[in-house]
Structures are given as C-alpha cells and as structure tokens.
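Residue-level structure breakdown
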Amino acid sequence: MKKDIYEKMIILADSAKYDVSCSSSGSDNNHKTGELGATHNSGICHTFTADGRCVSLLKVLLTNFCIYDCAYCVNRKSNDIKRAAFSPRQLADITINFYKRNYIEGLFLSSGIIENEDHTMLLILRALKILRFEYSFNGYIHVKLIPGTDDRIIREVVSLANRVSSNIELPSDKSLKLLAPNKTKQKVLQPLKYARDISLEKDTKPIGMSTQLIVGATPETDRDILKLSSVLYDKALLKRVYYSAYIPVNDDKNLPALINKPPLLREHRLYQADWLLRFYDFTYDEILNEQNLNLDEEIDPKTSWALQNLSYFPMEINKVSKDELLRIPGIGVRGVFKILKARRFKSLDFDDLKKLKISLKRAQYFITCKGKYNSKVSFATDTIKQAIIEPPKKKIMQPSLFDIEYSAITGEL
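Please read all numbers here as calculations on a predicted model, not as lab measurements.

Right, let's get into the overall build of the protein chain. The secondary structure content of the protein chain amounts to 16 helices and ten strands. For the protein chain, buried positions account for 49% of its 413 residues.

Structure, rendered in structure tokens:
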C-alpha cells in the first residue's frame, strides 16, 4: 500500500471507530463457491452475523471532512483534526486488495459530508459501482445513508448494498436541535423509510436496515429510548437498533461532563431489553413504565420484569404455554423449544431440565416441576433478587491424601 493511501487508511479507519452499527446481517447469495464474494462459513472474524457466524468487515469512512458540526462527533467541522478523503477508485481498490488477501469478507462504508449530501452520496455510489460492476464483487456491503440525499440516489445505493443504515444518534428532536442542529428525526428517518418502501416492491430484494442511538449524552430515559426502538421495529423501518454508550471526544458546553466511565452497563441492559422486544414479544411499556423509567443495572430486564410480576409465578414447567415459558428468567428461545419437545414424551423434573442443559441459575426461583418448588430461597421479591445478585458460594472441600491416591490408581479426577 502506498504511503499516502496508508496514511489515509489510518485516519479514516480511526474516524469510523465510534459507529457501532456495522454488524453484518448474515447475507445469503446464490453465487457459486469460488466466485469473488461468495458467502461462506469461515474467514477472519470481527463481527457477528444473525446466524452466529463471525465475519470481518473493512470499516472505514470515504472521508472525515464534514460540513456538519454535531457536538458529539469527532469529525465535526470545528474540530482541528487530521483530515483525509479516498477517491471512489482508491476505496474500491483497497477493498478488493484486502478481500483477496483474506483480511476481510465485506465492507462497512460511511462518510462525513463534503459540499452537500447528494455530492457525498454520489461518490459512495461510484465506489459501489466500481466494486459491483468492474470487479464483480458479490460480497457483503453495508452503506451508511446520508439524511437529505435525493431519493433517486438512495434507490441506486439500496440496489447495490446488502444493508443500509441511517444513524438517529439522539432519541428526541429536542436533543438533536441541541447537539446536532443540522439534523432532525424526520430527516434522519427519511432514507430508511424510502429504503423500506423500495425493499417492499415486487421483485426487489429485501434489505436489512439499522440505526445507532447514543446513550448518556442527553437526559432521555431508558424508557424513552426503548419506546423509540419499539416504534421503529413496528413500522418495519429497522432490523436492528445499536446502542452506543456516550464517550466524550469533544469539549462542548452542551455535552454532559462524564465523571465516571462511559455507561457501558446501561448500554448492555438496553441491548438485553431490545432482545426482549425482538424475540420475546415484550412491549416497551412492560419492560419499563412511568414508575420505572430506567433499567435496573443489578439484574437483567427479564428478571426485573418477573420480580415486578411475581403473581405470574412460579410457573409449572409441564403445563404453561410457549409464550409463558418465554417469560421465565434464564430460559431462552432454544430452551423453550427443548422443553416443549421433551414434554411430549414425559413429565419433566429438575434433573430432566439439567439434562436438557437448561440453566437453573435464575429459572429455579420462578418455576415448579411436577408441583415442586426447588429453591431454598423464600418466594419473595427481595429475597429472590438478593439470591440472584449474590448467589451462595459453594464450599470447596480440601481433598484428602486418600482421595489423591485413589485418583492416581483409578485415573479419575
């Protein structure tokens, strides 16, 4: 790699690192093994797909020059930082060279805004056309759409990408006006709405869409954030919402002074709550309500819901429905299907659950098997929560000399 290209790569890869919405969606294609970009189950791993595979993506900006002055962004126009820009040809060449060396399996491409939104998006589109048509690259490409771009350009980009996203960044118009005056929620959502409409057209490939929300830069509660995510999922605008703990990279009077570390635990709890929205049929107002606006950082959201609704428990593992099983803390989607399948043949007890590899660490407090409640903890919110937070430590027995000799003779540990 030439020195000037190498320097650009360092600058533009570093500038892209704060965007977390770069997970591949496990794209499938019909290309034959051996063709450039054919998907497969191996490779250098950097991000997880929906089906559990790990893939590597070249995560880079086309440029970090930007006409916007978003307070939270390291690439804001008022920042005195090193700037660089790839030409569409340079970006396409780097992607192909990295792919051929098995460094990557796909591309995540975002950009600052040069001149205006349409001009920047046209440069990105040119890079995609070089990759798809000149190099016949059939691999995974995720493109960050620029709000305010002409719909005709968006349509062409969507036709060439596997996934697109547009970062909302902040959960309310009020916060956007304060920290990102060039953006509005309507402006940010417009390319996603148009991409959704395109993907619903006849004979058009479906395309995954995502966004990113910054957590902790503004005063919105977890309930506000989950309500927004829920609305976006319900309107089929997104496949994923990514949550990013606020990391201060700029000094700005409108940004909070972060005394402690970035709110990574809060970010983690939001991901867990988001999982409940997408896979467990929870609604946002079940997870959080007007009395509980933020997630409990001591326990996961599913357990927190169960403790606030103990009247539903304990559930008899052999009688409750699939939907009820999904509500039991510690039992996931796969565990539910294992239980339902096993129940066809016998009535299950706690030993059977262990054989099915169902974790009882939390579930034991919320279930009965054949009418038996297995936990020694009293069935009350405070005692169950305390037992989950600080489980009793197992006694470690000191082996005797006889035990050691016996092990040596039999070969057993």
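What follows covers the sheet that holds strand S7 (residues 208-215). Read from one edge to the other, the open sheet built from six strands follows the order S3-S4-S5-S6-S7-S8, with strand pairing classed as parallel. Among the strands making up the open sheet, the edge pair consists of strand S3 (57-61) and strand S8 (240-245). Recorded for the sheet is a direction-independent mean angle of 20° between the axes of neighbouring strands. Pairing geometry for S3 and strand S4 (residues 106-110), over five bridges, is parallel. Residue pairing for S4: Val60 is matched across the bridge by Leu109. Lying over the sheet, helix H2 (residues 88-100) contacts S3 and S4, oriented at roughly 160° with respect to S3. Packing of helix H7 (residues 222-234) onto the sheet brings it into contact with S7 and S8, and relative to S8 it is tilted by some 155°.

Enumeration over the complete set of coordinates arrives at nine aromatic pairs. Geometrically, the ring pair formed by Tyr243 and Tyr271 is edge-to-face, given 5.2 Å between the ring centres and 85° between the ring planes. Here Tyr243 is found in strand S8, whereas its partner Tyr271 is found in helix H8 (residues 264-279), with 28 residues between them in sequence. For the pair Trp305 and Tyr312, a centre-to-centre distance of 5.8 Å together with 15° between the ring planes defines the contact as stacked. An aromatic cluster is defined as three or more aromatic residues linked by ring pairs; in this entry it consists of Phe282, Trp305, Tyr312, Phe313 and Phe366. Stacked on the ring of Phe282, the Lys or Arg Arg327 has its end atom at 3.8 Å from the ring centre.

With that settled, the discussion passes to the packing of helix H4 (residues 151-160) against helix H6 (residues 185-199). Closest axis-to-axis distance for the H4/H6 pair is 10 Å, and the angle between their directions is 55°. In terms of their interaxial angle, H4 and H6 are classed as oblique. Seen along the crossing, H4 lies across H6 with a hand that is right-handed. Two secondary-structure elements touch here, H4 through Asp151, Ile154, Arg155 and Val158 and H6 through Pro191, Tyr194, Ala195 and Ile198. Here the residues of the contact of H4 with H6 are counted per class, giving six nonpolar, no polar and two charged.

Tallied over the full model, the rule gives 18 salt bridges. Note that Arg196 is salt-bridged to Asp197, the shortest N-O span being 3.2 Å. One salt bridge in this structure joins Arg327 and Glu286, with 2.9 Å as the shortest N-O distance. With Arg327 in the loop between helix H11 (322-325) and helix H12 (333-343) and Glu286 in helix H9 (residues 284-287), this pair connects stretches of sequence that are 41 residues apart. Looking at Glu286, the relative accessible area reads 29%, which means it is partly exposed.

What follows covers the nonpolar core. In this structure, Ile317, Ile328 and Phe366 are the most contacted members of the largest nonpolar core, which totals 113 residues. If you tally residues by element for this core, the top one is helix H3 (residues 117-134), at eight residues. In contact with Ile328, other than residues within four places in its own chain, are Lys302, Phe313, Met315, Ile317, Ala363, Phe366 and Ile367.

Following Phe313, the chain continues into Pro314 via a peptide bond in cis, with omega recorded as -5°. Mapped onto the elements of the fold, Pro314 is located in the loop between helix H10 (301-308) and strand S9 (315-316). The backbone of Glu115 shows a phi angle near 65°, a positive value even though the residue is not glycine. Locating Glu115 in the fold gives a position in the loop between S4 and H3. What makes Glu115 exposed here is its relative accessible area of 57%. We note that Ala236 has phi near 60°; this positive angle belongs to a residue other than glycine. Inspection of the secondary structure puts Ala236 in the loop between H7 and S8.

Another aspect to go through is the pairing of S7. It is a general feature of regular strands that their side chains alternate between the two faces of the sheet. In terms of residue burial, S7 counts as a mostly covered element, since eight of its eight residues are buried. Bridging between strand S6 (residues 163-165) and S7 involves three bridges; their strand directions are parallel. Within S7, the position partnered with Arg163 by the bridge is Gly208. Inspection of the sheet shows S7 paired to S8 by six bridges, in the parallel sense. Looking at S8, one finds that Leu213 is bridged to Tyr243. A crossover connection joins S7 to the parallel S8 through H7; in handedness this β-α-β unit is right-handed.

What counts as what
Residues numbered from 1 in each chain as written. Predicted model: local features only at pLDDT ≥ 70, side-chain atom pairs only at ≥ 80, totals over all residues. Heavy atoms only, no water. Helix = DSSP H or I, 4+ residues; strand = E, 2+ residues; numbered from the N terminus. Buried < 20%, exposed > 50% of the residue type's maximum accessible area, 1.4 Å probe, protein only. Pairing = 2+ DSSP bridges. Axes fitted to C-alpha atoms, helices over the stretch in contact; angles between N-to-C directions. Contact = heavy atoms within 4.5 Å. Phe/Tyr/Trp six-rings, centres within 6.5 Å; stacked < 30°, edge-to-face > 60°. Lys NZ or Arg CZ within 6 Å of the ring centre and 35° of its normal. Parallel < 35°, antiparallel > 145°, perpendicular 65-115°, else oblique. Left-handed = near helix turned anticlockwise from the far one by under 90°. Nonpolar A, V, L, I, M, F, W, Y, C, P; charged D, E, K, R; others polar. Salt bridge = Lys/Arg side-chain N within 4 Å of Asp/Glu carboxyl O. Core = buried A, V, L, I, M, F, W, Y, C linked by side-chain atoms within 4.5 Å. Right-handed = clockwise from strand over helix to strand, strands pointing away.

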